[in-house]
Each structure stands twice: as C-alpha cells, then as structure tokens.
Protein chains: 2
Amino acid sequence: MKAYLISIGDELLIGQTINTNVAYIGNALSDINIEVIESSVVGDNLDSILSELSKAASIADLIVITGGLGPTHDDITRSAIVKYFNTELVRNNEVLEDINQFFAKRGRTVTELNASQALVPKIATPIRNKRGTAPGMWIEQKGKIYIVMPGVPFEMKGMMEDFVIPKLSEMTKGNGVVIKKLILQTTGIPESNLFERLGNLDELLQGAQMAFLPSQYGVKLRITVKEKDETLALNRLNEIEQKIRTKVGRYIYARGNETLEEVIGRILADRGLTIAIAESCTGGEVCSRITNVSGSSKYFERGIVTYSNASKVELLKVNEDTLAEFGAVSREVAMQMAEGVRAASGTDIGISTTGILGPTGATTNKPVGLVYIGYCDDKVCTAKKFLFGDDRILNKQRATQAALEMLRRQLLGISDEE
Amino acid sequence: MKAYLISIGDELLIGQTINTNVAYIGNALSDINIEVIESSVVGDNLDSILSELSKAASIADLIVITGGLGPTHDDITRSAIVKYFNTELVRNNEVLEDINQFFAKRGRTVTELNASQALVPKIATPIRNKRGTAPGMWIEQKGKIYIVMPGVPFEMKGMMEDFVIPKLSEMTKGNGVVIKKLILQTTGIPESNLFERLGNLDELLQGAQMAFLPSQYGVKLRITVKEKDETLALNRLNEIEQKIRTKVGRYIYARGNETLEEVIGRILADRGLTIAIAESCTGGEVCSRITNVSGSSKYFERGIVTYSNASKVELLKVNEDTLAEFGAVSREVAMQMAEGVRAASGTDIGISTTGILGPTGATTNKPVGLVYIGYCDDKVCTAKKFLFGDDRILNKQRATQAALEMLRRQLLGISDEE
C-alpha cells in the first residue's frame, strides 16, 4: 500500500507552524509496512486542496490529510471534502455528544460554533476525537482510502493510536514483504567519527539500509531490513545490531525510541538509587528532562538552580575561595556543586552543570560554549570539560544531554576513551 | 518571485526527523515578499530528487533545497546537483580552510571524509558554513535561482541570515506590492472563545487576512495585508491591531515573535525586580524557560525544584500541618511555596507550581491535570487553580506557560476576568 500525505494550512507554508505531523504519520505508517511515497503542503485554499487530492489519488492508495478542521473561518478542509466527493454535511449525534462531554469536563459551555463541528460529510465515517472537538473522517471510495484528521498534533495522534493504525494494520496484514526498522541512539560522538568507526558499511549491512540522523542530542542510526517474514527480519536486525555494538556500543544509550532520561530513570529505579541536581548554566533543563518521566519522584529528590554565586555558596556550600580562585565556571566548582547538592539532600548521587552558554559572558580564558559537568556519589567525585558552540539554546540542550549521558556512563561503569 | 521548497531525506518521509526547515524558510521568504507556492519532501533517491528539481523549475523562480549534504554515504544531494546541471566537482580552497578552522577550534583532526566536503559543483558559488562543515550552494541558471543548504537547522539558519536573505532582499526590492504580516501572541484563552470575542471578522479585517494558530502555549493571530507601499501596509496593520487589542488585549502577551519569557525578562530588568522560583510539578521547566533569555542572571536569583514533601518543608518552609491537611497539590501549599522561595532568596517576587501531571498520581478529589500556581511579592500573595488535560508533557508545557503568564499579568496589573 502506498501513501501520500497532504498537510493543509497557510501557517505551514508561511512558516508560522512547524509541521510535526508528517514525521509522526510517516513513522507510524512505515511501522506497519505502508510506504510513504510523497508528502506535500498546501495552503488554506479550496482549489489547491482539490487539485492536491486529485494528484494524490492518481498515485497512491491511501491519502492522509491533516489540518484545517478547526471551528474558525480559515479552516476549510471539511468544505473541500464535501466538494471533492460531491456530498453534504449531516449532524452526527455521537460526535455532538463527544463535544458536549469535552466541554462539560472542562467546565465550559458549548457555543454554536463548537456545536457546528458535529456536522460531518455524509460519505464519511467520523473518527472520534477524545482530545479535542473536531472529529476526523474515514472515507473509502473507488478502492482508495482517505483519512482526514485535525492538524493539532495531540489530537491527530490520539486518532492514529485509537483508530487509524489498528484499522490499517488489520487491512494490510500478509502482503508478502516484512519491513522492520531498528533505531540505535548514540550521543557524545560526532557523525563523521561514528561513520569512520563503523568501517565498511556494505560489509556491515549486506543489503540492509542504514541512515545517520544527527541532531544536537546525538546521532540516531536507523537500520531498515526487508525480508519474507518477521523472524528473518528480526534475526537480520539482531545480527547487524551486534556488529554495530562491537564497534561503537559505548555510545549507544538506547534501542528504539526510549529517551535518555527514561534509560537513566529505569537504572536508578532498578537499583533504588536517588539523585539531586545542581544547575547553573542549564538553568533547570536537566531537572526538567529528568522529571519528564512519570514516576521520577521515586529517584529524583530535588534540584537547585543556582544562577547567582551567592546561592551557590548558600545552598550548595561551594567554597568562596574556590569561586574567587577558579571562577564559577571551573572543574573545581562543578565538583563542589555536585557534592554540595548530594550532601544537602542526602541522595546517593549529585550532578551539576556550570558554564557559559552565550552570547555574552565570555572572558579571555573562558570562551562561550565552555561547560563543566560534575558527578559525585559515595565513591567518586569528578567533573568533565566540554566545549560546545555559539548558540545559547543549542548549548543548553547539548550541555543537558551531556550531563545526562555522563550520569548514564557513571551508572554503567563506562569509562572515557583516550 | 515564487518559491518552491524541496526537503530531501528519507528520515523526513519515514518520520525519524521533524522538518522544521520549511517553517523557518517559509517565514523568512514571506517576510521579504517572496511567496512560497508549494513545499515537498522526497527521499534520498537520485531519480526522485532530479524529477522534483524539474517540477520545481517549471513552476517557480526560486528553488530552495535542504538536506542530504552530510559526509556519509546516504547524503546524495551534491551528486544530484552535479547530474542535474551536468557539471563536475572542484576543490574549493576557501571552503577547505573553513573546514580546517572548524575542527581546529574544537580540538579535533580533519579526516579525509571531512575534507571531501570542500568539493563543490563547478557551476555553484559556495555558501560558507560557519556552524558546520558542509558548504551550501548558490546557482543561477536560465533565470532561475537554486539555493542548496544543509538539513541541520542550525547550519541552514546561519546561511540564511548571513547570506541568502540579504542577497534575496536586494534582488526583490521594488516589485510593486508590499506584503506585511503581524503576529499577536495570546495565551490563557481558548481559540473558539477568542474567535467569538473578535466578532465580525470581515468588518474587523476589511480585506486583510487573519489566521488563528493554536498550540499548547496559546493562540497566535497572524494578520497579513497587501498594499502598494510600506507605509500604507504598516498603517493598515496598526489599525487592525488597535481594534483587536480593544477586544482581547489582556490576553496578548507579545507582538511579533518575542517569547513570553523575553517579555517578562524585559519588564523585570526595566524595573530592577528579582525573582525566585519554586517548582514541583513543572520539574524545572519554569526555570529553564526563564533562563533561555540571555541576561536572565540579572533578575533570576535561584530556582528550587522540590519533588519530595521533605524538600518542600526543608527548603521552602512549607508547613507540615498544611501539607497534611490540604495535600501538596493545593492552593495553600502553592502560596507557601511562592512565599517560601521569596523569603529564602530575598527576591522581590516568588512564584511556584504544584500539580498532578499524570498519568499516575490522581486521587478521588484531585484529577490528573490539576495544577496550582502561586505568586507572592511584598504586597500580594495569591494562587490560581488550573485544570489541564491528560498528557504529562503537554500538561507540563501548559502549566509552565500559565505560570509565566500569571507572572506577566501580576507585573502589569491585569486582573482576572469574571
């Protein structure tokens, strides 16, 4: 089955909104062996939408449309569907009931504008929306499937998980080829270095495909195999994974889409260890990443964001002489911060960050991008120096990732390479 | 001038990477009156890239291509350019020097793979890359402009700012129509409510266009006018803005792309006020948002992330009896946290968050999504109740935005509506 994705919305073309839906849908479809052959974006314009629908139907079996289902005047996808299929709108009572409940739960009153979202094209089966008010639509016509969903990512994802993916999986079972993908997430190693360490890729992959996906958080490796059945495919993936791990295993923090903070959380919870975090340059981002994980209260005791020197001294017992001699951005202060937060909170582990994220704050000896990360437990107290780039927000994200990765390596006893 | 954007990369179709480049480029081009007519994504496949280039050149004057310029085997955009223009690769010494300096600055050695990125198609003027190793390309042929840039957003943005936008602005000056856009950012009011308060849009806009752009942070209003000259366009926008402000001004926190934390930072710095933050449910995210702003150390003194009840008592002097009587997620505790962090740090203002983000933690009386936000200064100590949804990460983002907005309204003396 071949799929074509259409995203609707001026805001996507004019750049007011980042289109995250295509990535999510592309990923979900390729997981169930549906190939996405093209993806396009058109504005909130009836003619553009109609012509894009025709083009998509001429080359794909499945057309997935997102966006333009909101209650306001600039949302015209539903009208386009009515026109394209030459159908009409009818009130759907189940959808109306969903809308009523949605507002009741939030203590708000249903307006006429909201209620009008219960009007659904006659040809469509509505897709219930548990997370918003606009229903989706499932339309089958002349052997093609059309799926229409809201552009709000959270609402679209709910529909995909609850309805679209289960239904499509059922329909595409047993088409002879099994495509399986594996993600290995690395961090702390540049893309070119990773590439060179992996050596001869043809030999490594023997017909499988591999992509390098770099970001400020690290490089993801995506391996794709096509085989006759699931067992063969999984065995091939396993084989390739083992070869990769032999070469760069120390840099791989996760298999699949688990986040670094989830990996760390799992290890801490398993071992019954607790942590406390002292942040200067990362300004709360390390704590925020750690607490993204549900259940993190089991191992995360507290975080202290000490932006001022005074608060470093008062809350973390950083030595004033050390601050004067080495400065706040130093290996010595990073270690004292980590030990200080550990001692103050009585946790097993303390970690810390201190650095200059830019654009201001550099001195002759200390450039923008310089960051120290500290780690202390009952046996080890250490700090590591990093040199990132010039962009404040990227530096913050990199420093946060580096702090979490340092924690992972310490927990797993992975030493630094020389 | 009409533009067509081509994004290259399997990772965009298969959904491993979110395409943020199209939004950025679309926005930058429309700011200089270049209309983006279509945007498409194709995989790392020579034939697809060539056919997309032909299609783009047949309907647009400007073709902007991103992605597939990395050093590894799966990056084939440069080969596609060589083939499409029937040209050849030549070593560019300036680019090689850039690459050498890039690595020297980071204390790394240039490998052969890295050095090969200095090979540039003969027909192209290389676009220097200050933030990475792959150069971009500027190609003019048969009245069309082709711009090729790396897919890494940070590198692409550097090239756009330093070279592409200044050059294109120069070329497109004085084409007779001026398009101007205005963004008004609102938060704390649902899209449908905003829509209804604005009343008759035709009357409000009189031919201008307006879009509603909702996200978990609020709703952005984007107003677009087309006029004969800049003064006319700016006057029209001004007029519309004033009308909108009369109706929903209290919810507008920014004009243009300024972030809520930048708005707050500006007010705090102007007035010489300092703040401290106590976070429970938001886990450091409020501090992280505040410290995204360069110069925030002037007004942000410290943040305390108290995930445990013990740390709330110890660090924020929350009363144990209050915790026992009302629970950690309560108006009373939110107020004590805000006052506690203010008193401990000696700042002018304290703010706090406490809530249940889910998926676990709900009780009979306290559902997932319940959040209290506290605010205290030397005159006022108050807390506000919010009821968000079911998703942990979205709830965190909403609660953080609500805390920052509560701070903004307190600073500006905007009272709650009844």
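- By the naming in an unreviewed UniProt entry, chain A is CinA-like protein, taken from Ignavibacterium album.
- Under the Sequence similarities (unreviewed entry) heading, UniProt states for chain A: "Belongs to the CinA family."

### Quick word on the relation of the copies chain A and chain B
No. 1: Of the transformation placing chain A onto chain B, the axial shift is 0.0 Å and the rotation is 180°, giving an RMSD of 0.1 Å. Such a combination of turn and shift is consistent with a two-fold rotation axis.
No. 2: An overlap of 99% is found between the interface residues of chain A and their copies at the interface of chain B, pointing to a shared contact surface.

### Considering the domain arrangement of chain A
Residues and elements named next belong to chain A.
No. 1: Along its sequence, chain A is organised into domain 1 (2-172), domain 2 (178-255) and domain 3 (260-412).
No. 2: Of note, the centres of domain 2 and domain 3, computed from C-alpha atoms alone, are 31 Å apart.
No. 3: The partner domain 3 presents 10 residues to the nine residues of domain 2 that form the contact.
No. 4: The contact between domain 2 and domain 3 buries some 830 Å² in all, and 52% of this surface belongs to carbon and sulfur atoms.

### Concerning the sheet that holds strand E7 (residues 136-141) of chain B
No. 1: Reading across the sheet, the 12 strands line up as E6(A)-E7(A)-E8(A)-E3(A)-E1(A)-E2(A)-E2(B)-E1(B)-E3(B)-E8(B)-E7(B)-E6(B) and stay open at both edges, with mixed pairing between neighbours. Only two strands of the sheet have a single neighbouring strand rather than two, namely strand E6 (125-127) of chain A together with strand E6 (125-127) of chain B. The sheet shows a mean angle of 20° between the axes of neighbouring strands, direction not considered.
No. 2: When E6 of chain A meets strand E7 (residues 136-141) of chain A, the two strands line up antiparallel, connected through three bridges. Looking at E7 of chain A, one finds that isoleucine 127 of chain A is bridged to glycine 136 of chain A.

### Quick look at the interface of chain A and chain B
No. 1: Facing 86 residues of chain A, the contacting portion of chain B comprises 86 residues.
No. 2: Surface buried jointly by chain A and chain B totals about 6800 Å² across both partners, of which 53% is contributed by carbon and sulfur atoms.
No. 3: There are two salt bridges connecting chain A and chain B.
No. 4: One salt bridge in this structure joins glutamate 314 of chain A and arginine 302 of chain B, with 2.8 Å as the shortest N-O distance.
No. 5: Counting across the chain A and chain B interface gives 30 residue pairs in polar contact (both at pLDDT 80 or more).

### Describing unusual backbone geometry
No. 1: Residue glycine 358 of chain A is joined to proline 359 of chain A through a cis peptide bond whose omega torsion reads -5°.
No. 2: Residue lysine 317 of chain A is not a glycine yet carries a positive backbone phi of 55°.
No. 3: Relative to the assigned elements, lysine 317 of chain A resides in the loop between helix H13 (309-316) and helix H14 (320-326).
No. 4: A positive phi angle is found at glutamine 206 of chain B, which is not glycine, with a value near 45°.
No. 5: Mapped onto the fold, glutamine 206 of chain B is located in the loop between helix H9 (201-205) and strand E10 (209-215).
No. 6: According to the relative accessible area criterion, glutamine 206 of chain B is exposed, its value standing at 53%.

### Thoughts on helix H5 (residues 93-105) of chain A
An α-helix turns once every 3.6 residues. As a result, residues three or four positions apart point the same way.
Residues and elements named next belong to chain A.
No. 1: With 13 residues, H5 extends 18 Å between its outermost C-alpha atoms, agreeing within 8% with the 18 Å of an ideal straight helix rising 1.5 Å per residue.
No. 2: The complete set of buried residues in H5 reads Val95, Asp98, Ile99, Phe102 and Phe103. Summarising the axial view, the buried residues of H5 lie within an arc of 125°, below the 170-degree limit, and thus occupy one face. Within H5, the exposed residues directed more than 90 degrees away from the buried face are Asn93, Gln101, Ala104 and Lys105.

### Let's talk about the sheet that holds strand E11 (residues 218-227) of chain B
In a beta sheet, neighbouring strands pair by backbone hydrogen bonds and run either parallel or antiparallel.
Residues and elements named next belong to chain B.
No. 1: Here four strands make up an open sheet; going across it, the order is E10-E11-E9-E12 and the pairing antiparallel. Only two strands of the sheet have a single neighbouring strand rather than two, namely E10 and strand E12 (252-255). Strand after strand, the sheet turns through a mean of 25° between neighbouring axes, direction not considered.
No. 2: As judged from the seven bridges shared by E10 and E11, these two strands associate in the antiparallel manner. Residue leucine 213 lies in a different strand from E11, and its bridge partner there is lysine 220.
No. 3: The sheet contacts of helix H8 (residues 191-198) involve strand E9 (178-186), E10 and E11, and relative to E10 the element is tilted by about 155°.

Each value, and the rule that gives it
Residues numbered from 1 in each chain as written. Chains lettered and ligands numbered in written order. Predicted model: local features only at pLDDT ≥ 70, side-chain atom pairs only at ≥ 80, totals over all residues. Heavy atoms only, no water. UniProt positions renumbered as here; feature names shortened; annotations may be inferred. Least-squares fit on C-alpha atoms with pLDDT ≥ 70 in both. Contact = heavy atoms within 4.5 Å. Domains from an automatic or database assignment. Buried area = accessible area lost by both parts, 1.4 Å probe. Pairing = 2+ DSSP bridges. Helix = DSSP H or I, 4+ residues; strand = E, 2+ residues; numbered from the N terminus. Axes fitted to C-alpha atoms, helices over the stretch in contact; angles between N-to-C directions. Salt bridge = Lys/Arg side-chain N within 4 Å of Asp/Glu carboxyl O. Polar contact = N/O pair within 3.5 Å; in protein donor to acceptor, adjacent residues only side chain to side chain. Buried < 20%, exposed > 50% of the residue type's maximum accessible area, 1.4 Å probe, protein only. Expected span 1.5 Å × (residues − 1). Arc of directions from axis to C-beta.

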